[in-house]
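Here is how the chains run, residue by residue.
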Amino acid sequence: MAPILSSRQAEELHKSIIAYLSANNLPNAAAAFREEISLGEDSFDAATAKKYETLLEKKWTGIVRLQKKIMDLESRNETLQTELENATPTSLSKRNDPASWLPKPPPRHTLESHRDPINCVAFHPVFSSIASGSDDYTIKIWDWDLGELEKTIKGHTRAVLDVDYGGPRGGYLLASCSSDLTIKLWDPADDYKNIRTLPGHDHSVSAVRFIPSGASGAPSSGTLLVSASRDKTLRIWDVTTGYCVRTIDGHAAWVRDVTPSIDGRFLVSVGDDQSVRLWDISTPETEVKQIMFGHDHFVECCALAPPASYQYLASIAGLKKPPPASSTAEFMASGSRDKTIRVWDSRGTCLLTLLGHDNWVRSILFHPGGKYLLSASDDKTIRCWDLSQAGKCVKVVSGVHEGFIACMRWAPSLVKDSGAANLENGEPGTPKRNAAEKASSDVQVRCIIATGCVDQKVRIFAN
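This text gives an overview of the structure that appears in the document. (Residues numbered from 1 in each chain as written. Predicted model: local features only at pLDDT ≥ 70, side-chain atom pairs only at ≥ 80, totals over all residues. Heavy atoms only, no water.)

Time to look at the environment of A122. The topology assignment puts A122 in strand β2 (residues 118-123). A residue is classified by how much of its surface remains accessible, and A122, at 0% relative accessible area, is buried. On a C-alpha basis, the gap between A122 and M408 in space is 8.6 Å, while along the polypeptide they are 286 residues apart. In contact with A122, not counting residues within four places along its chain, are S129, I130, A131, V163, D164, Y165 and R409. (Helix = DSSP H or I, 4+ residues; strand = E, 2+ residues; numbered from the N terminus. Buried < 20%, exposed > 50% of the residue type's maximum accessible area, 1.4 Å probe, protein only. Contact = heavy atoms within 4.5 Å.)

Let's shift gears to the pattern of salt bridges. Oppositely charged side chains may form a pair once their charged atoms are brought near each other. On inspection of all chains with the given rule, the structure shows 13 salt bridges. For D164, the salt bridge goes to R409, with nearest N and O atoms at 2.9 Å. With D164 in strand β6 (residues 160-166) and R409 in strand β26 (residues 405-410), this pair connects stretches of sequence that are 245 residues apart. Between K457 and E402 there is a salt bridge, with its nearest N and O atoms 2.9 Å apart. (Salt bridge = Lys/Arg side-chain N within 4 Å of Asp/Glu carboxyl O.)

Time to look at the pairing of strand β24 (residues 382-386). Within β24, 5 of the 5 residues are buried, leaving the element largely enclosed by the surrounding structure. By the alternation rule, side chains of β24 split into I382, C384 and D386 and R383 and W385, which are all buried. Alignment of strand β23 (residues 372-377) against β24, held across 5 bridges, turns out to be antiparallel. Residue L374 lies in a different strand from β24, and its bridge partner there is C384. A loop of 4 residues connects β23 with β24, the two strands running antiparallel in sequence, and K380 in this loop sits at a positive phi of about 70°. As paired elements, β24 and strand β25 (residues 392-397) share 5 bridges and run antiparallel to each other. Directly across from R383, in β25, lies its bridge partner V396. Here β24 hands over to β25 after 5 residues, with A390 in that stretch at a positive phi of 60°. (Pairing = 2+ DSSP bridges.)

A word on the sheet that holds strand β4 (residues 138-143). Pairing between the strands of a sheet comes from backbone hydrogen bonds, and it takes one of two forms, parallel or antiparallel. Reading across the sheet, the 4 strands line up as β2-β3-β4-β5 and stay open at both edges, with antiparallel pairing between neighbours. Of all the strands in the sheet, just β2 and β5 (148-154) have a single pairing partner and so form its edges. Each strand of the sheet is rotated relative to its neighbour by a mean of 20°, with strand direction disregarded. Pairing of β2 with strand β3 (residues 129-134) involves 5 bridges; the strand directions are antiparallel. Counterpart to I118 in the pairing with β3 is S134. (Axes fitted to C-alpha atoms, helices over the stretch in contact; angles between N-to-C directions.)

Regular strands place their side chains on alternate faces of the sheet. Of all 6 residues in β23, 6 are buried; the element is thus mostly enclosed. Here strand β22 (residues 361-366) hands over to β23 after 5 residues, with G370 in that stretch at a positive phi of 95°.

This part is about the packing of helix α1 (residues 7-23) against helix α2 (residues 27-37). Working note: a packed helix pair is described by the angle between its axes plus the distance between those axes. The interhelical angle for the contact between α1 and α2, taken along N-to-C directions, is 160°, at an axis separation of 8 Å. On the basis of their axis angle, the class for α1 and α2 is roughly antiparallel. For α1 against α2, the interelement crossing comes out left-handed. Contact with α1, carried on its side by H14, I17, I18, L21 and S22, involves A29, A30, F33, R34 and I37 of α2 and no other residues of that element. Split into classes, the residues belonging to the contact of α1 with α2 amount to 7 nonpolar, 2 polar and 1 charged. (Parallel < 35°, antiparallel > 145°, perpendicular 65-115°, else oblique. Left-handed = near helix turned anticlockwise from the far one by under 90°. Nonpolar A, V, L, I, M, F, W, Y, C, P; charged D, E, K, R; others polar.)

Written out as structure tokens, the structure is:
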């Protein structure tokens, strides 16, 4: 058989094998091999042995990495080939349509600096900043456009469980909450100085969200904040004074997540009591409008459907026409450790149960275009559910992270005439005016999604 290696390559391989055997305490095997190939001391001294000692292992692991990269490239090539073969003029035009954009690999950026699992991410309503909170007690501020770390914020003494941007227009703040029982407010305009600490919860604070303007008792636009805690309560705070203006009891166990409606009138909360609760906070006395049961395990996350989704969800609910956009809490979704997502209407009816994830559902959000619901799970995937097809799973983004996906957020849309953030995708921020009055032509959808993971990485997916 003709030799595959050149004489020089063969000599290097022989020296690498002898060095490997010697380094791994196999002197007899090394001596026998040297004798077999007639390699004397003059051509293989101690310095040569040191040079070739780890070469074989490096080559071996390098081949494994290259094989994995080749497999990834082949998979990506196959996906692109399929897209090309199925491309039509209509599908090509939709590629640049924000209303139909869905995330796909590879991510634009992978942001690494945290030393422990990441629990939360939040986009600045206007600028290209994103905050992430971690079990390492820190918050990190990144430029998601450039993929660069801008600042590390220290102040909490336990894990940071949630972060959110919001507040009065022109005076946006960053709020964070932690297992240290506190909520902290940071001022991005003053180098993220800690301007206030809000104590009051009796256990870990698991979620925090700015409430858009419109809620009763707000002295000015966007000054209210809602928090959810393991102490079984929700609390509403005035960020200008730091006072707790309302405590909401009702959950029988840990409250895991809370989200406000785009007009600030309603809240949806979920928790370990396996319930989904819809609250009306527009009156002096908080009223629970609906309590929904159906999940078989702790409920991890929730989202309110934007008015853009009403046309699809109304059909599923059997309504002749969609509810008015001014009615901001008509439909909602919840994700649970029972591996399912449930979609509900405001009357407490479960319209859809979405099955497909193989592990806990950790985060859900509605596409700002209204047609899709996205979910992230401990099974390391993002799933995209088409509401125009009764919740059919139309896309699975696999291998998003190397570990459990803990959080996912969509960048808030921009209102073009002012640069203020829009809330039609269910993300926090302060709308410029009532959702029903917004003209869609004024809104610029930003096709950017961020995910955070126990692998200590934030990944940015962008159009």
